[in-house]
Amino acid sequence: MRVALSLLLLASALSACSPASAPVPTAKAASTAPASAIAWRQGDVDDAFNEAAESGKPVLLYWGAVWCPPCNQLKAGLFKDPAFIALTGKFVPVYLDGDEEGAQAWGERFGVRGYPTLIVLDPQRNEITRVAGGNDAAELTRALTVAAIRRSAVAETLATALATPATLGAEDWQVLGDYGWEVDANRLAGKRSAQDVLQQLAKAAPEPALQRRFALLALATAEKPTAAPTQVRELLQAVLAQPAEVRRNRELLGYAGAGLVKQASAGPASSNALGQQLLVALERADAARGDRADDALSRALTELALARQQQPEGPLSAALVQRVKQRVAAADAAATDAHARQATISSAVYALRQVDDDAGAEALLLAELKRSEQPYYYMPELAELAEQRGDTAGALEWLKRAYEGAQGPATRVQWGVLYVEGLLRLAPDDAPRIEQATEALIAELDKQPSGYHQRTRQRFERLAGQLQAWSAKHKGADTLARLQQRMQAACGDQVDSGCREWLS
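Here is a short report on the structure shown in this document. If you're wondering where the values come from, they're calculated on a predicted model, not measured in any experiment.

### Let's talk about the overall build of the chain
Okay, so step 1: Helix and strand counts for the chain stand at 24 helices and five strands.
Okay, so step 2: The C-alpha atoms of the chain give a radius of gyration of 23 Å, which matches the 23 Å a tight globule of 504 residues would have.
Okay, so step 3: Principal axes of the C-alpha set define a box for the chain whose edges measure 65 × 60 × 45 Å.
Okay, so step 4: Split into buried and exposed, the 504 residues of the chain put 52% on the buried side.
Okay, so step 5: With the model as given, the accessible surface of the chain reaches about 21100 Å², and the carbon-plus-sulfur share is 52%.
Okay, so step 6: Positive and negative side-chain charges in the chain, numbering 54 and 60 respectively, have mean positions lying 3 Å apart.

So this is what it looks like as C-alpha coordinates:
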(Lines give C-alpha, C1' and ligand atoms only; values in the text may rest on other atoms or scores of the structure.)
Protein backbone atom coordinates (compact mmCIF):
# COMPACT_ATOMS: atom_id res chain seq x y z
CA MET A 1 0.00 0.00 0.00
CA ARG A 2 2.89 2.37 0.77
CA VAL A 3 4.04 2.53 -2.84
CA ALA A 4 0.53 2.95 -4.23
CA LEU A 5 -0.49 5.73 -1.88
CA SER A 6 2.85 7.48 -2.08
CA LEU A 7 2.58 7.52 -5.85
CA LEU A 8 -1.01 8.76 -5.55
CA LEU A 9 0.22 11.65 -3.44
CA LEU A 10 3.29 12.22 -5.62
CA ALA A 11 1.22 12.28 -8.78
CA SER A 12 1.44 11.44 -11.16
CA ALA A 13 -0.52 10.43 -13.49
CA LEU A 14 -0.68 9.56 -12.14
CA SER A 15 -2.34 9.30 -10.38
CA ALA A 16 -5.42 10.34 -9.55
CA CYS A 17 -11.36 15.73 -8.56
CA SER A 18 -13.63 18.14 -7.38
CA PRO A 19 -14.90 21.38 -8.86
CA ALA A 20 -12.41 24.19 -8.67
CA SER A 21 -12.70 26.12 -5.44
CA ALA A 22 -11.79 29.38 -7.16
CA PRO A 23 -14.18 30.74 -9.80
CA VAL A 24 -13.20 29.93 -13.35
CA PRO A 25 -14.37 32.29 -16.11
CA THR A 26 -17.15 30.87 -18.26
CA ALA A 27 -17.74 31.53 -21.94
CA LYS A 28 -20.18 34.27 -20.97
CA ALA A 29 -17.64 35.93 -18.69
CA ALA A 30 -14.70 35.48 -21.05
CA SER A 31 -15.06 38.90 -22.64
CA THR A 32 -14.74 40.59 -19.25
CA ALA A 33 -11.96 38.40 -17.87
CA PRO A 34 -8.90 40.42 -16.95
CA ALA A 35 -5.85 40.14 -19.13
CA SER A 36 -4.08 38.50 -16.21
CA ALA A 37 -6.29 35.40 -16.36
CA ILE A 38 -6.96 32.68 -18.90
CA ALA A 39 -10.54 32.88 -20.21
CA TRP A 40 -11.35 29.24 -19.51
CA ARG A 41 -14.74 27.87 -20.53
CA GLN A 42 -15.81 25.74 -17.60
CA GLY A 43 -16.80 22.19 -18.42
CA ASP A 44 -18.97 22.79 -21.51
CA VAL A 45 -16.95 20.97 -24.16
CA ASP A 46 -19.71 21.03 -26.78
CA ASP A 47 -20.04 24.80 -26.41
CA ALA A 48 -16.28 25.15 -26.85
CA PHE A 49 -16.38 23.23 -30.12
CA ASN A 50 -19.32 25.30 -31.33
CA GLU A 51 -17.28 28.43 -30.75
CA ALA A 52 -14.27 26.84 -32.43
CA ALA A 53 -16.37 26.11 -35.52
CA GLU A 54 -17.42 29.77 -35.68
CA SER A 55 -14.01 31.28 -34.98
CA GLY A 56 -11.77 28.73 -36.71
CA LYS A 57 -9.62 28.51 -33.60
CA PRO A 58 -8.54 25.15 -32.22
CA VAL A 59 -9.80 24.01 -28.83
CA LEU A 60 -7.34 23.78 -25.94
CA LEU A 61 -8.79 21.22 -23.54
CA TYR A 62 -7.24 21.19 -20.07
CA TRP A 63 -8.11 18.10 -18.04
CA GLY A 64 -7.32 18.57 -14.36
CA ALA A 65 -8.35 18.27 -10.73
CA VAL A 66 -8.15 20.65 -7.80
CA TRP A 67 -6.17 18.21 -5.64
CA CYS A 68 -3.69 17.08 -8.30
CA PRO A 69 -0.14 18.34 -7.48
CA PRO A 70 1.11 18.96 -11.04
CA CYS A 71 -2.20 20.67 -11.86
CA ASN A 72 -1.52 23.06 -9.02
CA GLN A 73 2.02 23.56 -10.27
CA LEU A 74 0.51 24.80 -13.52
CA LYS A 75 -1.83 27.13 -11.65
CA ALA A 76 0.98 28.46 -9.49
CA GLY A 77 3.28 29.16 -12.43
CA LEU A 78 2.50 28.74 -16.11
CA PHE A 79 -1.18 29.74 -15.96
CA LYS A 80 -0.15 33.07 -14.40
CA ASP A 81 2.49 33.82 -17.03
CA PRO A 82 1.32 36.78 -19.17
CA ALA A 83 2.95 35.33 -22.28
CA PHE A 84 1.13 32.03 -21.83
CA ILE A 85 -2.16 33.81 -21.08
CA ALA A 86 -1.74 35.72 -24.34
CA LEU A 87 -0.99 32.46 -26.17
CA THR A 88 -4.28 30.92 -24.99
CA GLY A 89 -6.08 33.70 -26.89
CA LYS A 90 -5.25 31.75 -30.06
CA PHE A 91 -7.40 28.88 -28.78
CA VAL A 92 -10.84 28.29 -27.37
CA PRO A 93 -9.64 27.21 -23.92
CA VAL A 94 -11.89 24.90 -21.94
CA TYR A 95 -11.19 23.56 -18.46
CA LEU A 96 -12.65 20.13 -17.79
CA ASP A 97 -12.48 19.26 -14.11
CA GLY A 98 -12.65 15.53 -13.45
CA ASP A 99 -15.68 16.04 -11.24
CA GLU A 100 -17.75 18.04 -13.70
CA GLU A 101 -20.92 16.33 -14.90
CA GLY A 102 -20.00 14.13 -17.85
CA ALA A 103 -16.26 14.78 -17.40
CA GLN A 104 -15.30 11.14 -17.03
CA ALA A 105 -17.18 10.27 -20.22
CA TRP A 106 -15.30 13.03 -22.04
CA GLY A 107 -12.05 11.74 -20.57
CA GLU A 108 -12.79 8.29 -21.92
CA ARG A 109 -13.72 9.68 -25.31
CA PHE A 110 -10.47 11.62 -25.63
CA GLY A 111 -8.34 8.86 -24.13
CA VAL A 112 -7.12 10.96 -21.22
CA ARG A 113 -4.88 8.94 -18.96
CA GLY A 114 -4.02 11.25 -16.08
CA TYR A 115 -4.14 14.72 -14.62
CA PRO A 116 -3.05 17.15 -15.91
CA THR A 117 -3.30 16.73 -19.67
CA LEU A 118 -3.66 19.43 -22.31
CA ILE A 119 -5.11 18.42 -25.68
CA VAL A 120 -5.39 20.60 -28.78
CA LEU A 121 -8.20 19.67 -31.18
CA ASP A 122 -9.47 21.24 -34.37
CA PRO A 123 -13.13 22.31 -34.64
CA GLN A 124 -13.98 18.87 -36.08
CA ARG A 125 -12.56 17.26 -32.90
CA ASN A 126 -9.47 15.81 -34.57
CA GLU A 127 -6.53 15.78 -32.19
CA ILE A 128 -3.70 18.09 -33.23
CA THR A 129 -1.52 17.20 -30.26
CA ARG A 130 -1.52 16.54 -26.54
CA VAL A 131 1.06 17.35 -23.89
CA ALA A 132 1.56 16.22 -20.32
CA GLY A 133 0.84 19.11 -17.99
CA GLY A 134 3.62 18.09 -15.62
CA ASN A 135 6.32 18.97 -18.15
CA ASP A 136 8.56 22.03 -18.14
CA ALA A 137 6.67 25.31 -18.61
CA ALA A 138 8.94 26.50 -21.40
CA GLU A 139 8.51 23.22 -23.28
CA LEU A 140 4.73 23.35 -22.85
CA THR A 141 4.62 26.90 -24.18
CA ARG A 142 6.77 26.00 -27.18
CA ALA A 143 4.66 22.94 -28.01
CA LEU A 144 1.37 24.85 -27.77
CA THR A 145 2.73 27.76 -29.80
CA VAL A 146 3.31 25.36 -32.67
CA ALA A 147 -0.03 23.61 -32.14
CA ALA A 148 -1.93 26.92 -32.27
CA ILE A 149 -1.24 27.33 -36.00
CA ARG A 150 -1.47 23.70 -37.07
CA ARG A 151 -4.48 22.05 -38.66
CA SER A 152 -3.01 18.60 -39.27
CA ALA A 153 -4.16 15.73 -37.08
CA VAL A 154 -1.30 14.19 -35.15
CA ALA A 155 -2.42 10.71 -36.22
CA GLU A 156 -1.87 11.66 -39.86
CA THR A 157 1.53 13.13 -39.00
CA LEU A 158 2.56 9.91 -37.27
CA ALA A 159 1.34 7.75 -40.16
CA THR A 160 3.47 9.79 -42.57
CA ALA A 161 6.48 9.59 -40.25
CA LEU A 162 6.25 5.81 -40.17
CA ALA A 163 5.61 5.40 -43.91
CA THR A 164 7.52 8.21 -45.66
CA PRO A 165 9.52 10.07 -43.00
CA ALA A 166 11.53 12.11 -45.51
CA THR A 167 8.38 13.98 -46.55
CA LEU A 168 7.81 15.49 -43.10
CA GLY A 169 8.92 19.02 -42.27
CA ALA A 170 10.73 20.23 -39.16
CA GLU A 171 7.49 21.39 -37.52
CA ASP A 172 5.90 17.96 -38.01
CA TRP A 173 8.82 16.30 -36.27
CA GLN A 174 8.65 18.82 -33.46
CA VAL A 175 5.00 17.96 -32.86
CA LEU A 176 5.81 14.27 -32.62
CA GLY A 177 8.74 14.97 -30.32
CA ASP A 178 6.63 17.15 -28.02
CA TYR A 179 3.66 14.78 -28.02
CA GLY A 180 2.63 13.50 -24.58
CA TRP A 181 3.35 9.83 -25.09
CA GLU A 182 3.29 9.30 -21.33
CA VAL A 183 -0.36 10.42 -21.09
CA ASP A 184 -1.45 8.82 -24.35
CA ALA A 185 -2.52 5.36 -23.12
CA ASN A 186 -1.32 3.95 -26.47
CA ARG A 187 -4.05 5.91 -28.24
CA LEU A 188 -1.81 7.23 -31.01
CA ALA A 189 0.18 4.04 -31.53
CA GLY A 190 -3.03 2.01 -31.85
CA LYS A 191 -2.46 -1.73 -32.11
CA ARG A 192 1.30 -1.29 -32.07
CA SER A 193 3.18 -0.77 -28.83
CA ALA A 194 4.27 2.79 -28.13
CA GLN A 195 7.77 1.48 -27.58
CA ASP A 196 7.96 0.02 -31.10
CA VAL A 197 6.61 3.23 -32.63
CA LEU A 198 9.08 5.37 -30.70
CA GLN A 199 11.98 3.15 -31.70
CA GLN A 200 11.01 3.51 -35.34
CA LEU A 201 10.74 7.28 -34.94
CA ALA A 202 14.18 7.32 -33.31
CA LYS A 203 15.63 5.75 -36.44
CA ALA A 204 13.72 8.00 -38.84
CA ALA A 205 14.02 11.42 -37.17
CA PRO A 206 16.21 13.86 -39.12
CA GLU A 207 18.13 15.37 -36.18
CA PRO A 208 20.35 13.59 -33.62
CA ALA A 209 18.75 15.40 -30.66
CA LEU A 210 15.29 14.29 -31.76
CA GLN A 211 16.53 10.76 -32.41
CA ARG A 212 17.81 10.64 -28.85
CA ARG A 213 14.55 12.01 -27.45
CA PHE A 214 12.50 9.29 -29.14
CA ALA A 215 15.00 6.68 -27.97
CA LEU A 216 14.74 7.92 -24.39
CA LEU A 217 10.96 7.85 -24.56
CA ALA A 218 11.05 4.30 -25.93
CA LEU A 219 13.22 3.16 -23.02
CA ALA A 220 11.07 4.98 -20.47
CA THR A 221 7.83 3.42 -21.79
CA ALA A 222 9.21 -0.12 -22.01
CA GLU A 223 7.76 -2.60 -19.54
CA LYS A 224 11.15 -4.32 -19.29
CA PRO A 225 14.66 -3.47 -20.56
CA THR A 226 15.14 -4.26 -24.24
CA ALA A 227 18.39 -2.48 -25.11
CA ALA A 228 21.94 -3.53 -24.24
CA PRO A 229 23.56 -1.63 -21.33
CA THR A 230 26.18 -0.18 -23.67
CA GLN A 231 23.50 1.30 -25.95
CA VAL A 232 21.62 2.84 -23.03
CA ARG A 233 24.81 4.25 -21.53
CA GLU A 234 25.93 5.84 -24.80
CA LEU A 235 22.48 7.33 -25.32
CA LEU A 236 22.25 8.72 -21.81
CA GLN A 237 25.77 10.15 -21.89
CA ALA A 238 25.09 11.84 -25.23
CA VAL A 239 21.95 13.51 -23.87
CA LEU A 240 23.57 14.55 -20.59
CA ALA A 241 26.42 16.20 -22.48
CA GLN A 242 24.00 18.62 -24.17
CA PRO A 243 22.39 21.17 -21.79
CA ALA A 244 19.66 21.98 -24.31
CA GLU A 245 18.67 18.32 -24.51
CA VAL A 246 18.68 17.96 -20.74
CA ARG A 247 16.33 20.93 -20.46
CA ARG A 248 14.01 19.50 -23.09
CA ASN A 249 13.97 16.10 -21.41
CA ARG A 250 14.09 17.44 -17.83
CA GLU A 251 10.90 15.80 -16.55
CA LEU A 252 11.61 12.50 -18.29
CA LEU A 253 15.14 12.39 -16.86
CA GLY A 254 13.76 13.26 -13.45
CA TYR A 255 11.24 10.45 -13.15
CA ALA A 256 12.99 7.84 -15.33
CA GLY A 257 16.63 8.83 -14.99
CA ALA A 258 17.52 6.48 -12.14
CA GLY A 259 15.97 3.56 -14.01
CA LEU A 260 17.90 4.45 -17.16
CA VAL A 261 21.12 4.59 -15.16
CA LYS A 262 20.38 1.11 -13.85
CA GLN A 263 19.77 -0.19 -17.38
CA ALA A 264 23.00 1.42 -18.58
CA SER A 265 25.30 0.14 -15.84
CA ALA A 266 27.49 -2.93 -15.84
CA GLY A 267 28.26 -2.61 -12.13
CA PRO A 268 28.19 -0.35 -9.06
CA ALA A 269 31.19 1.76 -10.15
CA SER A 270 29.81 2.65 -13.58
CA SER A 271 26.34 3.16 -12.09
CA ASN A 272 27.69 5.65 -9.55
CA ALA A 273 29.63 7.61 -12.17
CA LEU A 274 26.68 7.82 -14.55
CA GLY A 275 24.36 8.72 -11.70
CA GLN A 276 26.58 11.62 -10.75
CA GLN A 277 26.57 12.79 -14.38
CA LEU A 278 22.79 12.74 -14.30
CA LEU A 279 22.60 14.78 -11.10
CA VAL A 280 25.09 17.36 -12.36
CA ALA A 281 23.16 17.71 -15.62
CA LEU A 282 19.85 18.12 -13.81
CA GLU A 283 21.33 20.73 -11.49
CA ARG A 284 22.64 22.69 -14.48
CA ALA A 285 19.23 22.53 -16.17
CA ASP A 286 17.45 23.63 -13.01
CA ALA A 287 19.82 26.55 -12.56
CA ALA A 288 18.86 27.73 -16.05
CA ARG A 289 15.20 27.95 -15.00
CA GLY A 290 15.78 29.75 -11.73
CA ASP A 291 17.11 27.11 -9.32
CA ARG A 292 13.70 26.71 -7.68
CA ALA A 293 13.28 24.94 -4.37
CA ASP A 294 10.84 22.43 -5.87
CA ASP A 295 13.40 21.53 -8.55
CA ALA A 296 16.03 20.96 -5.86
CA LEU A 297 13.58 18.66 -4.06
CA SER A 298 12.96 16.80 -7.31
CA ARG A 299 16.71 16.24 -7.72
CA ALA A 300 16.84 14.93 -4.17
CA LEU A 301 14.25 12.30 -5.09
CA THR A 302 16.36 11.27 -8.09
CA GLU A 303 19.42 11.11 -5.84
CA LEU A 304 17.53 8.92 -3.38
CA ALA A 305 16.49 6.55 -6.17
CA LEU A 306 20.10 6.30 -7.34
CA ALA A 307 21.31 5.68 -3.81
CA ARG A 308 18.82 2.87 -3.29
CA GLN A 309 20.00 1.23 -6.50
CA GLN A 310 23.51 1.27 -5.08
CA GLN A 311 22.39 0.14 -1.63
CA PRO A 312 18.95 -1.51 -1.64
CA GLU A 313 19.07 -2.28 2.08
CA GLY A 314 20.55 -0.53 5.07
CA PRO A 315 20.79 3.09 6.12
CA LEU A 316 21.44 5.91 3.68
CA SER A 317 24.39 8.19 4.21
CA ALA A 318 23.90 10.84 6.87
CA ALA A 319 24.89 13.53 4.37
CA LEU A 320 22.17 12.48 1.90
CA VAL A 321 19.53 12.30 4.63
CA GLN A 322 20.47 15.75 5.84
CA ARG A 323 20.42 17.13 2.29
CA VAL A 324 16.96 15.72 1.68
CA LYS A 325 15.60 17.23 4.90
CA GLN A 326 17.11 20.61 4.04
CA ARG A 327 15.51 20.56 0.62
CA VAL A 328 12.15 19.56 2.07
CA ALA A 329 12.35 22.48 4.49
CA ALA A 330 13.33 24.88 1.69
CA ALA A 331 10.51 23.70 -0.58
CA ASP A 332 8.02 23.95 2.28
CA ALA A 333 9.11 27.51 3.04
CA ALA A 334 9.06 28.55 -0.62
CA ALA A 335 5.52 27.29 -1.25
CA THR A 336 3.54 30.24 0.04
CA ASP A 337 0.21 30.09 -1.83
CA ALA A 338 -2.37 27.30 -1.92
CA HIS A 339 -1.54 26.08 -5.43
CA ALA A 340 2.21 25.98 -4.76
CA ARG A 341 1.70 24.05 -1.53
CA GLN A 342 -0.57 21.48 -3.15
CA ALA A 343 2.12 21.03 -5.80
CA THR A 344 4.93 20.62 -3.25
CA ILE A 345 3.78 18.92 -0.05
CA SER A 346 3.23 15.47 -1.57
CA SER A 347 6.79 15.37 -2.89
CA ALA A 348 8.10 16.62 0.44
CA VAL A 349 6.26 13.91 2.36
CA TYR A 350 7.43 11.25 -0.07
CA ALA A 351 11.04 12.41 0.31
CA LEU A 352 10.87 12.29 4.11
CA ARG A 353 9.44 8.79 4.06
CA GLN A 354 12.19 7.66 1.71
CA VAL A 355 14.77 8.65 4.35
CA ASP A 356 12.69 6.91 7.06
CA ASP A 357 11.60 10.14 8.72
CA ASP A 358 7.98 9.07 9.14
CA ALA A 359 7.58 11.33 12.16
CA GLY A 360 8.62 14.35 10.10
CA ALA A 361 6.31 13.29 7.28
CA GLU A 362 3.38 12.92 9.65
CA ALA A 363 4.04 16.30 11.25
CA LEU A 364 4.13 17.93 7.82
CA LEU A 365 0.85 16.26 6.82
CA LEU A 366 -0.93 17.18 10.05
CA ALA A 367 0.16 20.80 9.70
CA GLU A 368 -1.06 20.86 6.10
CA LEU A 369 -4.53 19.64 7.07
CA LYS A 370 -5.05 23.01 8.73
CA ARG A 371 -3.90 24.98 5.69
CA SER A 372 -5.12 23.00 2.71
CA GLU A 373 -8.40 23.56 0.89
CA GLN A 374 -8.36 19.81 0.09
CA PRO A 375 -7.27 18.23 3.40
CA TYR A 376 -8.83 14.90 2.41
CA TYR A 377 -6.06 14.52 -0.17
CA TYR A 378 -3.45 13.95 2.55
CA MET A 379 -5.46 11.66 4.82
CA PRO A 380 -4.74 8.35 3.02
CA GLU A 381 -1.04 8.95 3.63
CA LEU A 382 -1.77 9.52 7.31
CA ALA A 383 -3.75 6.28 7.25
CA GLU A 384 -0.77 4.47 5.79
CA LEU A 385 1.54 5.83 8.47
CA ALA A 386 -0.92 4.69 11.15
CA GLU A 387 -1.21 1.24 9.56
CA GLN A 388 2.57 0.94 9.38
CA ARG A 389 2.91 1.42 13.13
CA GLY A 390 0.10 -1.06 13.83
CA ASP A 391 -2.71 1.42 14.56
CA THR A 392 -5.47 -0.31 12.57
CA ALA A 393 -8.30 1.71 14.06
CA GLY A 394 -6.46 4.95 13.39
CA ALA A 395 -5.74 3.96 9.81
CA LEU A 396 -9.39 3.16 9.11
CA GLU A 397 -10.51 6.38 10.75
CA TRP A 398 -8.23 8.44 8.48
CA LEU A 399 -9.52 6.59 5.40
CA LYS A 400 -13.10 7.14 6.50
CA ARG A 401 -12.48 10.85 7.15
CA ALA A 402 -10.84 11.20 3.76
CA TYR A 403 -13.87 9.68 2.03
CA GLU A 404 -16.33 11.75 4.02
CA GLY A 405 -14.41 14.95 3.27
CA ALA A 406 -13.79 14.32 -0.43
CA GLN A 407 -15.56 16.73 -2.76
CA GLY A 408 -16.97 15.95 -6.20
CA PRO A 409 -18.45 12.70 -7.51
CA ALA A 410 -15.39 11.19 -9.20
CA THR A 411 -13.13 12.19 -6.32
CA ARG A 412 -15.52 10.70 -3.77
CA VAL A 413 -15.48 7.41 -5.65
CA GLN A 414 -11.69 7.43 -5.74
CA TRP A 415 -11.35 8.07 -2.01
CA GLY A 416 -14.28 5.80 -1.20
CA VAL A 417 -12.55 2.91 -2.93
CA LEU A 418 -9.48 3.54 -0.77
CA TYR A 419 -11.69 3.29 2.33
CA VAL A 420 -13.34 0.02 1.29
CA GLU A 421 -9.95 -1.42 0.32
CA GLY A 422 -8.73 -0.49 3.78
CA LEU A 423 -11.65 -2.35 5.35
CA LEU A 424 -10.98 -5.42 3.21
CA ARG A 425 -7.35 -5.41 4.27
CA LEU A 426 -7.60 -4.36 7.93
CA ALA A 427 -11.07 -5.56 8.99
CA PRO A 428 -11.85 -8.49 6.69
CA ASP A 429 -14.07 -10.21 9.26
CA ASP A 430 -16.39 -7.21 9.57
CA ALA A 431 -18.66 -8.09 6.64
CA PRO A 432 -21.49 -5.72 7.68
CA ARG A 433 -19.13 -2.74 7.74
CA ILE A 434 -17.64 -3.69 4.38
CA GLU A 435 -21.09 -4.05 2.86
CA GLN A 436 -22.32 -0.77 4.32
CA ALA A 437 -19.27 1.16 3.06
CA THR A 438 -19.53 -0.38 -0.40
CA GLU A 439 -23.24 0.40 -0.61
CA ALA A 440 -22.46 4.02 0.24
CA LEU A 441 -19.87 4.04 -2.50
CA ILE A 442 -22.33 2.61 -5.02
CA ALA A 443 -24.79 5.32 -3.99
CA GLU A 444 -22.28 7.88 -5.27
CA LEU A 445 -23.22 6.74 -8.77
CA ASP A 446 -26.76 7.99 -8.21
CA LYS A 447 -25.24 11.49 -8.32
CA GLN A 448 -23.63 10.75 -11.70
CA PRO A 449 -26.26 9.91 -14.33
CA SER A 450 -23.51 8.98 -16.81
CA GLY A 451 -20.64 8.67 -14.39
CA TYR A 452 -19.45 5.10 -14.88
CA HIS A 453 -16.56 5.99 -17.15
CA GLN A 454 -12.80 6.46 -17.14
CA ARG A 455 -11.34 6.82 -13.62
CA THR A 456 -14.62 6.00 -11.86
CA ARG A 457 -15.04 2.81 -13.86
CA GLN A 458 -11.38 1.87 -13.38
CA ARG A 459 -11.65 2.17 -9.62
CA PHE A 460 -14.87 0.20 -9.39
CA GLU A 461 -13.31 -2.52 -11.53
CA ARG A 462 -10.27 -2.63 -9.25
CA LEU A 463 -12.52 -2.87 -6.20
CA ALA A 464 -14.54 -5.67 -7.78
CA GLY A 465 -11.45 -7.85 -8.00
CA GLN A 466 -10.61 -7.22 -4.36
CA LEU A 467 -14.16 -7.91 -3.20
CA GLN A 468 -14.18 -11.19 -5.09
CA ALA A 469 -10.86 -12.21 -3.52
CA TRP A 470 -12.21 -11.27 -0.08
CA SER A 471 -15.42 -13.23 -0.69
CA ALA A 472 -13.49 -16.38 -1.58
CA LYS A 473 -11.69 -16.30 1.79
CA HIS A 474 -14.49 -15.01 4.01
CA LYS A 475 -17.64 -16.62 2.59
CA GLY A 476 -18.96 -13.38 1.24
CA ALA A 477 -21.07 -14.66 -1.65
CA ASP A 478 -24.32 -13.37 -0.16
CA THR A 479 -22.77 -9.95 0.46
CA LEU A 480 -21.55 -9.74 -3.12
CA ALA A 481 -24.95 -10.76 -4.45
CA ARG A 482 -26.63 -7.93 -2.55
CA LEU A 483 -23.98 -5.44 -3.67
CA GLN A 484 -24.37 -6.49 -7.28
CA GLN A 485 -28.14 -6.03 -7.04
CA ARG A 486 -27.61 -2.57 -5.56
CA MET A 487 -25.22 -1.73 -8.37
CA GLN A 488 -27.77 -2.77 -10.99
CA ALA A 489 -30.18 -0.22 -9.57
CA ALA A 490 -27.50 2.51 -9.45
CA CYS A 491 -26.45 1.93 -13.06
CA GLY A 492 -29.75 3.20 -14.41
CA ASP A 493 -29.64 3.38 -18.20
CA GLN A 494 -25.85 3.09 -18.49
CA VAL A 495 -26.15 0.06 -20.74
CA ASP A 496 -22.86 0.14 -22.66
CA SER A 497 -20.54 1.37 -19.90
CA GLY A 498 -19.94 -2.00 -18.23
CA CYS A 499 -21.67 -0.79 -15.09
CA ARG A 500 -24.22 -3.61 -15.07
CA GLU A 501 -21.50 -6.23 -15.38
CA TRP A 502 -19.79 -5.14 -12.16
CA LEU A 503 -18.91 -8.08 -9.90
CA SER A 504 -20.12 -10.56 -12.51
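### Concerning helix H19 (residues 379-388)
Okay, so step 1: With eight of ten residues buried, H19 is to be regarded as a mostly interior element.
Okay, so step 2: Here H19 has its buried residues at Met379, Pro380, Glu381, Leu382, Ala383, Glu384, Leu385 and Ala386.
Okay, so step 3: Positive phi shows up at Gly390, right after H19, with a value of about 90°.

### Observations regarding the packing of helix H17 (residues 338-354) against helix H18 (residues 358-369)
Okay, so step 1: Taken N-terminus to C-terminus, the directions of H17 and H18 make an angle of 160°; their axes are 7 Å apart at the nearest point. By the angle between their axes, H17 is roughly antiparallel relative to H18. Crossing geometry of H17 relative to H18 is assigned as left-handed. Listed contacts from H18 to Arg341, Ile345, Ala348, Val349, Leu352 and Arg353 of H17 are Asp358, Gly360, Ala361, Leu364, Leu365 and Glu368.

### Concerning the pattern of salt bridges
For side chains bearing opposite charge, pairing can occur when the charged atoms are close.
Okay, so step 1: One pass over the full model with this rule turns up 32 salt bridges.
Okay, so step 2: The closest approach of N and O atoms between Asp337 and Lys80, which form a salt bridge, is 3.7 Å. Linking Asp337 in the loop between helix H16 (318-334) and H17 with Lys80 in the loop between helix H3 (69-76) and helix H4 (82-87), this pair joins segments that are 257 residues apart in sequence.
Okay, so step 3: For Asp358, the salt bridge is made with Arg353, and the minimal N-O distance between the two is 3.7 Å.
Okay, so step 4: For Asp358, a relative accessible area of 19% corresponds to the buried category.

### Overview of the environment of Gly177
Okay, so step 1: Along the polypeptide, Gly177 turns up in helix H8 (residues 170-178).
Okay, so step 2: For Gly177 and Glu108, which are 69 residues apart along the polypeptide, the C-alpha to C-alpha distance reads 24 Å.

### Digging into the nonpolar core
Okay, so step 1: Within the largest apolar cluster, 107 residues are counted, with the highest numbers of intra-cluster contacts made by Trp67, Phe110, Leu144, Phe460, Leu467, Met487 and Trp502.
Okay, so step 2: For this core, the leading source of residues is helix H21 (residues 409-426), giving eight residues.
Okay, so step 3: Counting 43 residues, the second largest nonpolar core, distinct from the first, contains Ala205, Leu235, Val261 and Ala264.

### Overview of the sheet that holds strand E2 (residues 59-64)
Okay, so step 1: What the five strands build is an open sheet, ordered E1-E3-E2-E4-E5; its pairing is mixed. Every other strand in the sheet has two partners, leaving strand E1 (41-42) and strand E5 (127-132) as the edge strands with one partner each.
Okay, so step 2: Sheet analysis places strand E4 (residues 117-121) next to E5, joined by five bridges and oriented antiparallel. Among the inter-strand pairings, Ile119 is bridged to a residue of E5, identified as Arg130.
Okay, so step 3: Across the sheet, H3 touches E2, strand E3 (92-97) and E4, and the angle it forms with E2 is around 130°.
Okay, so step 4: In this fold helix H6 (residues 137-147) packs onto E2, E4 and E5, with an angle of close to 175° to the strand it touches most, E5.

### Regarding the state of the cysteines
Okay, so step 1: By the definition in use, this model includes two disulfides.
Okay, so step 2: With its sulfur 2.4 Å from that of its partner, Cys68 forms a disulfide with Cys71. Residues Cys68 and Cys71 are joined by a disulfide whose S-S torsion is about 85°; by sign, that bridge is right-handed. For the pair Cys68 and Cys71, a shared accessibility class is recorded, and that class is buried.
Okay, so step 3: With its sulfur 1.9 Å from that of its partner, Cys491 forms a disulfide with Cys499. Judged by the torsion about the S-S bond (-85°), the Cys491/Cys499 disulfide is left-handed.
Okay, so step 4: The class of Cys491 is buried, set by a relative accessible area of 1%.
Okay, so step 5: Each disulfide of the chain joins two cysteines, and with those cysteines numbered along the sequence the arrangement is 1-2, 3-4.

### Structural notes on the side chain of Thr157
Okay, so step 1: Following the sequence through the fold, Thr157 ends up in helix H7 (residues 154-163).
Okay, so step 2: Judged by relative accessible area, which is 4%, Thr157 ranks as buried.

### Considerations on the packing of helix H14 (residues 268-288) against helix H15 (residues 293-310)
Okay, so step 1: One can describe the packing of H14 onto H15 by two numbers: an axis separation of 10 Å at closest approach and a directional angle of 175°. In terms of axis orientation, H14 runs roughly antiparallel to H15. Contact residues: H14 offers Pro268, Ser271, Asn272, Gly275, Leu278, Leu279, Leu282, Glu283 and Asp286, while H15 offers Asp295, Arg299, Thr302, Glu303, Leu306 and Gln310.
Okay, so step 2: The residue inventory of the contact of H14 with H15, partitioned by class, reads five nonpolar, five polar and five charged.

Cut-offs applied
- Residues numbered from 1 in each chain as written.
- Predicted model: local features only at pLDDT ≥ 70, side-chain atom pairs only at ≥ 80, totals over all residues.
- Heavy atoms only, no water.
- Helix = DSSP H or I, 4+ residues; strand = E, 2+ residues; numbered from the N terminus.
- Rg over C-alpha atoms; globule rule 2.2 N^0.38 Å.
- Buried < 20%, exposed > 50% of the residue type's maximum accessible area, 1.4 Å probe, protein only.
- Areas by Shrake-Rupley, 256 points an atom, 1.4 Å probe, with all protein chains shown as cover.
- Lys, Arg positive; Asp, Glu negative; His and termini not counted.
- Charge placed at Lys NZ, Arg CZ, Asp CG, Glu CD.
- Axes fitted to C-alpha atoms, helices over the stretch in contact; angles between N-to-C directions.
- Parallel < 35°, antiparallel > 145°, perpendicular 65-115°, else oblique.
- Left-handed = near helix turned anticlockwise from the far one by under 90°.
- Contact = heavy atoms within 4.5 Å.
- Salt bridge = Lys/Arg side-chain N within 4 Å of Asp/Glu carboxyl O.
- Core = buried A, V, L, I, M, F, W, Y, C linked by side-chain atoms within 4.5 Å.
- Pairing = 2+ DSSP bridges.
- Disulfide = S-S within 2.5 Å.
- Nonpolar A, V, L, I, M, F, W, Y, C, P; charged D, E, K, R; others polar.

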